[in-house]
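# Architecture at a glance
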Amino acid sequence: MLITANRRWLRFSLRTLFVVVTLLGVWLGYYVNWHAQRNAVLRLDDVTLGTLVLHDEPLPLPWPLEMLGASSVNQGIFLPNGTTDEELHRVRRLFPESLVVRW
């Protein structure tokens, strides 16, 4: 008598595939947006990168940001005096590895 194994564990529905692809897209989109916002802040004319070195070795970024080509900013980021508290906190969230201050 021949016994056949029921290999149902490899089956999934099309709905499951759509949900997984959507979640993956939202997760990746979060990091793409983070990377784009970091680049936009660094391109501003009134933002200055100082020579203040905070750490001997750069602090690690989340691996999805490194995968997208972002590099750790191991310097102080100086914003102009007219910067609001909200903008200062936003830049600090974008650059957790750096010291962000008003000058």
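Report follows, based on the coordinates. (Residues numbered from 1 in each chain as written. Predicted model: local features only at pLDDT ≥ 70, side-chain atom pairs only at ≥ 80, totals over all residues. Heavy atoms only, no water.)

Now for the nonpolar core. Most often, soluble globular proteins keep nonpolar side chains buried together rather than apart. If you look at the biggest cluster of nonpolar residues, it comprises 15 residues, and the most contacted ones within it are Val 41, Leu 65, Ile 77, Leu 79, Val 91, Phe 95 and Val 100. Those elements that place two or more of their residues in this core are α1 (14–43), β2 (76–79) and α3 (85–94). (Core = buried A, V, L, I, M, F, W, Y, C linked by side-chain atoms within 4.5 Å. Buried < 20%, exposed > 50% of the residue type's maximum accessible area, 1.4 Å probe, protein only. Helix = DSSP H or I, 4+ residues; strand = E, 2+ residues; numbered from the N terminus.)

With that out of the way, let us pick up α1. End to end, α1 covers 43 Å across 30 residues, agreeing with the expected 44 Å (1.5 Å per residue, within 8%). Residues of α1 that are buried make contact with α2 (63–67) and α3. (Expected span 1.5 Å × (residues − 1). Contact = heavy atoms within 4.5 Å.)

In this section: the packing of aromatic side chains. Enumeration over the complete set of coordinates arrives at five aromatic pairs. Measuring from ring centre to ring centre gives 5.6 Å for Trp 27 and Trp 63, while their planes differ by 50°; the resulting arrangement is tilted. You can see Trp 27 sitting in helix α1 and its partner Trp 63 sitting in helix α2, a full 36 residues away along the chain. Residue Trp 27 is classed as partly exposed on the basis of its relative accessible area of 35%. Judged by centre distance (5.9 Å) and plane angle (25°), the ring pair of Tyr 31 and Trp 34 falls under stacked. One end of the pair is Tyr 31 and the other is Trp 34, both in helix α1 and three residues apart, which spans about a single turn. Among the residues examined, Trp 34 registers a relative accessible area of 14% and is labelled buried. (Phe/Tyr/Trp six-rings, centres within 6.5 Å; stacked < 30°, edge-to-face > 60°.)

Our next topic: the pattern of salt bridges. Oppositely charged side chains may form a pair once their charged atoms are brought near each other. For the structure shown, the criterion picks out three salt bridges. One salt bridge in this structure joins Arg 38 and Glu 97, with 2.9 Å as the shortest N-O distance. One end of the pair, Arg 38, is in helix α1; the other, Glu 97, is in the loop between α3 and β3 (99–102), and 59 residues separate them in sequence. Summarising the burial analysis for this pair, Arg 38 and Glu 97 share the class buried. (Salt bridge = Lys/Arg side-chain N within 4 Å of Asp/Glu carboxyl O.)

The values reported here are purely geometric and, on their own, carry no functional implication.
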